[in-house]
Amino acid sequence: MSTQTQQRPPTGARPEPEPARPRSRRQRPRIGLIVLGTVIAVLFVLPLWWAAVSALRPQRETFSTLSPVSLWTLLPRGLTVGNFGRLFDAEFGRALLNSTIVTVATLVIGLAICATAAFALAVLKFPGRGVIFAVMVISFLIPFDAIAIPLMSIFRDAHLENTYLALVLPGVGNGLAVFLLRGFFLGVPIDLAEAARVEGLGWWGVFWRIYLPLSRPALIGAGLILFVFQWQAYLWPLLIAPDPEMTVAPVAIAQFAGQQGVDFGAIFAGAVLTALVPLLILLFFQRYFTQSVSSSGLK
């Protein structure tokens, strides 16, 4: 009994701390992930950097520095803006304006349509809701190129060729955007809607006053999807708007490759300008897009 009493630590004494693990062992996995992420980032950035540099170098030097690969492959020996001059001499500014008009119109109208459709599929209960949602999911799994030709025939029969309406309409009903918004709306407690209904608020008021203010990250994520889909569209504008006055930026860039030759300098210049806009927007709204994607699967 006395032996056990002697072995007990005195009251209030601090226990001896466990020996700490070597700091280097704990940091090794983290350092490895940082190195791996850096290597992957560099592999993604290098082609973009080369394209940007090629837009600022003389056309004759575009591919001459690739063999053999050296420091001058990624650094221009001489800077020039002649590529951008030839680009805008071909009325590329008009094409950029058309792309901006079509994209902004698609963004505004598409968000209104996709948000209301997602709210109906997430909150309202009506027969066939599951079937409609399944059809909508299948719609964004089918490549647009597969339906472009039949859709072009429908638009031509409706005399919508060479109009902004024809360029905007196919992009306003995006199944992926509806899917994203519906997942976010399902995460909103239904008790909020039921309490608002008890207070006499209609479904439109519930959508406008409760769901929309809470869904800013999801709206930004869906808006980015609509923006990128329309900004990079090539096949549909090529088919439905052959008029030079209605040419959009991707089609205008492709026109620098013709039977007389390929102007790679102007192509790289146009690619840099068209890529810069979505790049800046995605960098600015990246955290909202990540939040919308991560929360769309929560219920």
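Report on the accompanying structure.

### Some words on empty space enclosed by the protein
Next up, step 1: Per the stated rule, a full pass over the model turns up 1 cavity of 30 Å³ or more.
Next up, step 2: Empty space within the largest cavity amounts to approximately 60 Å³.
Next up, step 3: Ser-99, Val-102, Thr-103, Leu-167, Gln-230, Trp-231, Ala-233, Pro-237, Val-248 and Pro-250 are the residues that line the largest cavity.
Next up, step 4: Here the lining of the largest cavity gets 3 residues from one element, more than from any other, and that element is helix α4 (residues 92-122).
Next up, step 5: Of the residues that constitute the lining of the largest cavity, the class distribution is 7 nonpolar, 3 polar and no charged.

### Examining the layout of surface pockets
Next up, step 1: Size it by volume and the largest pocket reaches roughly 610 Å³.
Next up, step 2: If you trace the largest pocket, you find 25 residues lining it, with Ile-142, Pro-143, Phe-144, Pro-170 and Phe-229 closest to the centre.
Next up, step 3: For the lining of the largest pocket, the elements supplying multiple residues, two or more each, are α5 (129-141), α6 (148-157), α7 (164-172), α8 (175-186), α11 (216-231) and α12 (235-240).
Next up, step 4: Ranked by residues supplied to the lining of the largest pocket, first place goes to α7 with 4 residues.
Next up, step 5: Across the lining of the largest pocket, the residue classes tally to 17 nonpolar, 7 polar and 1 charged.
Next up, step 6: Empty space within the second largest pocket amounts to approximately 510 Å³.
Next up, step 7: Surrounding the second largest pocket, 18 residues form its lining, Leu-48, Ala-271, Ala-275, Leu-276 and Leu-279 being those nearest its centre.
Next up, step 8: At the level of elements, α2 (23-55), α11 and α14 (264-284) are the ones that each hand at least two residues to the lining of the second largest pocket.
Next up, step 9: The element best represented in the lining of the second largest pocket is α14, accounting for 8 residues.

### Remarks on the packing of aromatic side chains
Next up, step 1: Per the counting criterion, the structure on display carries 17 aromatic pairs.
Next up, step 2: Ring centres of Trp-50 and Phe-63 lie 6.1 Å apart, and the angle between their planes is 50 degrees; this geometry places the pair in the tilted category. In this pair, Trp-50 sits in helix α2 while Phe-63 sits in the loop between α2 and α3 (82-89), placing the two residues 13 residues apart along the sequence.
Next up, step 3: The exposure class assigned to Trp-50 is buried, which follows from its relative accessible area of 17%.
Next up, step 4: Here Phe-119 and Tyr-211 contribute two aromatic rings whose centre-to-centre distance is 5.1 Å and whose plane-to-plane angle is 75 degrees, an arrangement assigned as edge-to-face. Here the residue Phe-119 occupies a position in helix α4, and Tyr-211 occupies one in helix α10 (residues 203-214), the gap between them amounting to 92 residues. With respect to burial, Phe-119 and Tyr-211 carry one shared label: buried.
Next up, step 5: Members of the aromatic cluster, joined through ring pairs, are Phe-119, Phe-185, Trp-203, Trp-204, Phe-207, Trp-208 and Tyr-211.
Next up, step 6: Sitting above the plane of the Phe-133 ring, Arg-182 keeps its charged end 3.9 Å from the centroid.

Here is what the cut-offs are and how they apply
- Residues numbered from 1 in each chain as written.
- Predicted model: local features only at pLDDT ≥ 70, side-chain atom pairs only at ≥ 80, totals over all residues.
- Heavy atoms only, no water.
- 1 Å grid on protein atoms, 1.4 Å probe; cavity = no way out; pocket = protein on both sides within 12 Å on 5 of 7 lines; lining within 4 Å.
- Points joined across faces, edges and corners; volume = space filled by probe spheres on them.
- Helix = DSSP H or I, 4+ residues; strand = E, 2+ residues; numbered from the N terminus.
- Nonpolar A, V, L, I, M, F, W, Y, C, P; charged D, E, K, R; others polar.
- Phe/Tyr/Trp six-rings, centres within 6.5 Å; stacked < 30°, edge-to-face > 60°.
- Buried < 20%, exposed > 50% of the residue type's maximum accessible area, 1.4 Å probe, protein only.
- Lys NZ or Arg CZ within 6 Å of the ring centre and 35° of its normal.

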